[in-house]
Amino acid sequence: MAKKRTKKRTHVGANNPETASAGRASAADPKSMVIRIGAGEVGSSISQLATDVRRVMEPGTASRLKERRGNRLKDYVVMCGPLGVTHLMLFSRSQSGNTNLRVAATPRGPTMHFRVEKYSLCKDVQKVQKHPRGGGNEFLTPPLASPDSQKRPCQELG
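As named in an unreviewed UniProt entry, the protein is Brix domain-containing protein, taken from Hirsutella minnesotensis 3608.

**Student:** Describe the sheet that holds strand β1 (residues 32–36), and please don't skip the residues or the numbers.
**Tutor:** One open sheet holds the four strands; their spatial order is β1-β2-β3-β4, and the pairing between them is mixed. Only two strands of the sheet have a single partner each, and these edge strands are β1 and β4 (111–116). Strand-to-strand twist in this sheet, taken as the mean axis angle between neighbours without regard to direction, amounts to 15 degrees. As paired elements, strand β2 (residues 87–93) and strand β3 (residues 99–105) share seven bridges and run antiparallel to each other. Bridging from a neighbouring strand, His 87 pairs with Ala 105 of β3. Contacts from helix α1 (residues 44–56) reach β1, β2 and β3, with the element oriented near 165 degrees to β2.

**Student:** Requested: an account of the pairing of β4, with residues and values cited.
**Tutor:** Each regular strand shows side chains that alternate between the opposite faces of the sheet. In this structure, β3 lies alongside β4, joined through six bridges in antiparallel fashion. Within β4, the residue paired with Leu 101 across the bridge is Phe 114. Where β3 folds back on β4, the antiparallel hairpin that results is connected by five residues.

**Student:** Requested: an account of the nonpolar core, with residues and values cited.
**Tutor:** In this structure, Val 34, Leu 49, Val 53, Met 57, Met 89, Phe 91 and Leu 101 are the most contacted members of the largest nonpolar core, which totals 13 residues. For this core, the elements supplying multiple residues, two or more each, are α1, β2 and β3. Counting residues per element, this core draws most heavily on α1, which supplies four residues. Sequence-distant contacts of Met 89, that is, excluding residues within four places in its chain, are made with Met 33, Val 34, Ile 35, Val 53, Met 57, Leu 101, Arg 102 and Val 103. Judged by nonpolar contacts, the second largest core, of nine residues, contains Ile 35, Leu 88, Leu 90 and Ala 104.

**Student:** Lay out the environment of Met 89 in plain terms, naming residues and giving numbers.
**Tutor:** Among the secondary structure elements, Met 89 is positioned in strand β2. Of the residues examined, Met 89 reaches a relative accessible area of 14% and is grouped as buried. Separated by 53 residues in sequence, Met 89 and Arg 36 have C-alpha atoms that sit 8.4 Å apart.

Quick notes on the rules
- Residues numbered from 1 in each chain as written.
- Predicted model: local features only at pLDDT ≥ 70, side-chain atom pairs only at ≥ 80, totals over all residues.
- Heavy atoms only, no water.
- Pairing = 2+ DSSP bridges.
- Helix = DSSP H or I, 4+ residues; strand = E, 2+ residues; numbered from the N terminus.
- Axes fitted to C-alpha atoms, helices over the stretch in contact; angles between N-to-C directions.
- Contact = heavy atoms within 4.5 Å.
- Core = buried A, V, L, I, M, F, W, Y, C linked by side-chain atoms within 4.5 Å.
- Buried < 20%, exposed > 50% of the residue type's maximum accessible area, 1.4 Å probe, protein only.

The following block contains the structure:
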């Protein structure tokens, strides 16, 4: 008769969570969505602005999010819970032509409204630079970080 198999592997338990390596987003870090509301009416420059802000907010953002004409704000808010999204950034254009930015903390946090007076797109900034940089390593660290990842050893003043 054959010998009964015994398990030899150990698994990481709930008491020993994996630590995030430097430069990587952990599960505790905030996550964001950058959305343009009114997919057809906002124009190409606002769409490019939303894409640039997504790149800045990486790695904790949905960088390849596809907005469709039929999507409404409620559709995005409903999906924030299952996806673990903590912040929404909404770009829109009013009837008078003003560009607006709304920053919302989900699920029930406050919403801040801003009017965007001036902005420069990444491609315009790179055109002006004599030696443009863009190796791809700029967006590896998250701009939004949880309070736990901000802990640093104290330095004594003396």
